[in-house]
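Analysis of the macromolecular model
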Amino acid sequence: MSSKTEATVSRRVASPGRARWWILGWLLAAMMINYMDRSSLSIAAPHMIDELGLTAADIGLLGTAFSLTYAFFQLPGGWLTDRLGAKPVYVMALGLWSIATALMAFGHHMWHFMVSRVLLGVFEAPVSPTSAKIVAEWFPPRERGAAVGVYDSGSKWGPAVAPPILTFLILGFGWRAMFVILGVLGVIVAVGFWVFYRSPEHDRRVSAAELEHIRAREEDDNAPTGHIPWLKLFTKPQTWAMVLGFVAVVWTLNIFVTFLPLMLNDIYSVADAALGWYTAIPFAVGGIGGILGGWFTTKYSRMRDQLAPLVCKRQIAAIYGGALAVCSVLVGVTTGHFVLQLSAMSLALFFCGALSAVGWSIPADVVTGSRVASLGSIQNFGGYFAGSLSPWLTGVLVTTTDSYLVPFLLGAVVAVIAGIAYLLLLRAPIRVTSNSTETGNPTP
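Presented here is an overview of the structure given in this document. (Residues numbered from 1 in each chain as written. Predicted model: local features only at pLDDT ≥ 70, side-chain atom pairs only at ≥ 80, totals over all residues. Heavy atoms only, no water.)

**Considerations on helix H5 (residues 86-103)**
- Helix length check: H5 (18 residues) gives 26 Å between terminal C-alpha atoms against 26 Å at 1.5 Å per residue, within 8%.
- For H5, the buried fraction is high: 13 of the 18 residues fall into the buried class. (Helix = DSSP H or I, 4+ residues; strand = E, 2+ residues; numbered from the N terminus. Expected span 1.5 Å × (residues − 1). Buried < 20%, exposed > 50% of the residue type's maximum accessible area, 1.4 Å probe, protein only.)

See the structure below:
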């Protein structure tokens with residue numbers, strides 16, 4: 001037997017088990033429900049406008065209210081997760097945001113819907129930091145990238161499957177019933193998670209060998225050294241490069257999540273029966289973009305192994321930002337040409353998903369493990385804080401100009417700024433020497 005074959009057999013024999021990968025099913029399901037609940041407003045928007053006299057600006061304002069609330073509650077959500085543990089926070093968040101979704105069914109005035117969307121933002125905020133904490137508990141360092149990629153794909157698959165499913169519910173039962181059904185689904189998943197989820201130490205499916213594998217601590221030769229105080233992260237150009245880069249992701253995603261069905265209905269008068277399927281296409285392409293974008297980034301890093309991983313990711317992120325800008329312009333200028341505009345929308349979400357995948361892989365290359373989650377939360381907070389303006393601003397511009405051209409040209413400018421920020425500001429990891437490390441530095 002050759003040495004190569006022997007090594008392969010040895011690896012198979014030493015396989016610690018795969019029970020840990022099944023936990024991603026819960027995280028993926030919750031992430032998909034999370035984004036279906038966000039997308040529900042855009043699916044119901046045409047019916048709410050017709051029945052209640054709301055405007056596109058009102059729908060945009062509701063989207064901004066959610067996004068702004070979601071942004072502000074990012075950091076408290078992460079703190080609460082560390083304080084109470086992942087399981088109780090995850091269950092409470094999923095159950096309560098599902099109730100907030102169901103409350104939309106009982107609204108009759110703008111302020112009713114505003115309260116529901118604000119509550120949705122509050123209770124959905126912990127999902128990302130809590131999911132990251134669960135992955136950290138279940139996966140060793142070298143597997144966490146793949147694990148995060150699986151559950152984070154739900155942020156694209158959710159909006160992809162939402163249009164046909166939610167449109168079917170609206171046509172069969174009405175838009176109010178749709179919100180109730182979504183809420184009940186979320187509560188069921190929350191109860192299931194509470195009943196079946198266990199930590200690795202208490203899960204009977206996890207063997208001793210797999211538990212040892214999960215608890216392994218591997219050294220990453222490319223990780224920066226030293227510990228930086230939390231507040232000092234805000235003074236670093238690398239942090240602002242990541243924030244500006246993620247603004248482009250959130251800005252673009254928010255426009256499509258809030259307005260895509262309304263655009264197709266307004267511009268092309270797409271029938272309700274077909275609206276869901278056409279809306280699903282760009283989001284499905286976006287999910288593929290996230291997977292392929294992450295894969296290509298890894299491939300490029302291996303091809304350019306003479307460069308540091310952060311340098312490769314900076315270059316790729318800038319390319320994705322430029323491509324997103326071009327596609328945003330194409331979305332605006334192809335109005336009136338259904339196939340061309342739908343194709344441009346799909347490409348825009350493809351590069352939006354690719355840019356998101358790169359963005360979430362960068363924090364571990366910039367700071368040490370003790371600050372990766374903090375830096376990622378700041379990135380998400382900044383992205384959603386600025387990106388929360390896009391639904392409101394898009395609604396105002398559409399109402400004022402009766403066109404979607406200007407909002408997408410503005411989105412192109414935001415994407416160009418993101419690419420430039422990655423190139424100019426993200427030039428090296430944050431390094432802190434032992435002499436400058438402040439109180440709170442973890443014990444070696």
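**Notes on the nonpolar core**
- Counting 96 residues, the largest nonpolar core has Ile 134, Phe 256 and Val 366 as its most contacted members.
- The element that contributes the greatest number of residues to this core is helix H12 (residues 237-268), accounting for 19 residues.
- When we break this core down by domain, the ones giving at least three residues each are domain 1 (18-202) and domain 2 (230-431).
- What Ile 134 contacts, discounting residues up to four positions off in sequence, is Ile 23, Leu 27, Ala 86, Tyr 90, Phe 193 and Tyr 197.
- By size, the runner-up hydrophobic cluster in this structure holds 20 residues, among which are Met 36, Ala 162, Leu 166 and Trp 175. (Core = buried A, V, L, I, M, F, W, Y, C linked by side-chain atoms within 4.5 Å. Domains from an automatic or database assignment. Contact = heavy atoms within 4.5 Å.)

**Some points on the side chain of Arg 38**
- By the secondary structure assignment, Arg 38 is in helix H2 (residues 19-52).
- Classification of Arg 38 by relative accessible area gives buried; the value is 6%.
- There is a polar contact of 2.9 Å between the side chain of Arg 38 and the side chain of Asn 34.
- What Arg 38 contacts, discounting residues up to four positions off in sequence, is Phe 66, Tyr 70, Arg 117, Glu 124, Val 257 and Tyr 384. (Polar contact = N/O pair within 3.5 Å; in protein donor to acceptor, adjacent residues only side chain to side chain.)

**Description of the packing of H5 against helix H10 (residues 175-196)**
- H10 packs onto H5 with a crossing angle of 165 degrees between their chain directions and a minimal axis gap of 7 Å. The orientation of H5 with respect to H10, classified from their angle, is roughly antiparallel. Seen along the crossing, H5 lies across H10 with a hand that is left-handed. Seen from H5, the contacting residues are Lys 87, Pro 88, Tyr 90, Val 91, Leu 94, Gly 95, Ser 98, Ile 99, Thr 101 and Ala 102; seen from H10, they are Phe 179, Val 180, Leu 182, Gly 183, Gly 186, Val 187, Val 189, Ala 190, Phe 193 and Trp 194. (Axes fitted to C-alpha atoms, helices over the stretch in contact; angles between N-to-C directions. Parallel < 35°, antiparallel > 145°, perpendicular 65-115°, else oblique. Left-handed = near helix turned anticlockwise from the far one by under 90°.)

**Quick look at the packing of aromatic side chains**
- Under the counting rule described, the total for this entry stands at 17 aromatic pairs.
- With a centroid separation of 6.3 Å and 55 degrees between ring planes, the pair formed by Phe 113 and Trp 175 is classed as tilted. Placement of the pair is Phe 113 in helix H6 (residues 110-124) and Trp 175 in helix H10, with a sequence separation of 62 residues.
- A relative accessible area of 6% means that Trp 175 is categorised as buried.
- Judged by centre distance (6.1 Å) and plane angle (90 degrees), the rings of Trp 175 and Phe 179 are edge-to-face. Residue Trp 175 and its partner Phe 179 are located together in helix H10, separated by four residues, close to a single helical turn. (Phe/Tyr/Trp six-rings, centres within 6.5 Å; stacked < 30°, edge-to-face > 60°.)

**Some points on unusual backbone geometry**
- A positive phi angle, close to 50 degrees, is found at Ser 269, a residue other than glycine.
- Not every positive phi belongs to a glycine, and Asp 402 is a case in point at roughly 55 degrees.
- As for its position among the elements, Asp 402 is in the loop between helix H18 (389-401) and helix H19 (405-425).
- Residue classification places Asp 402 among the exposed residues on the basis of a relative accessible area of 70%.

**Concerning the packing of H12 against H18**
- Following both chains from N to C, one finds H12 and H18 inclined at 55 degrees, their axes separated by 8 Å at the closest point. When the axis of H12 is compared with that of H18, the two are oblique. The interaxial crossing formed by H12 with H18 has right-handed handedness. Of the residues in H18, those touching H12 at Val 250, Trp 251, Asn 254, Ile 255, Thr 258 and Phe 259 are Leu 389, Ser 390, Pro 391, Leu 393, Thr 394 and Gly 395.
- Here the residues of the contact of H12 with H18 are counted per class, giving seven nonpolar, five polar and no charged. (Nonpolar A, V, L, I, M, F, W, Y, C, P; charged D, E, K, R; others polar.)

**Observations concerning the pattern of salt bridges**
- Applying the stated criterion across every chain yields a total of two salt bridges.
- Of the charged contacts, one joins Glu 51 and Arg 176 as a salt bridge, the two residues approaching to 3.5 Å between their closest N and O atoms. Here the residue Glu 51 occupies a position in helix H2, and Arg 176 occupies one in helix H10, the gap between them amounting to 125 residues. (Salt bridge = Lys/Arg side-chain N within 4 Å of Asp/Glu carboxyl O.)

These figures come from the coordinates and say nothing about function on their own.
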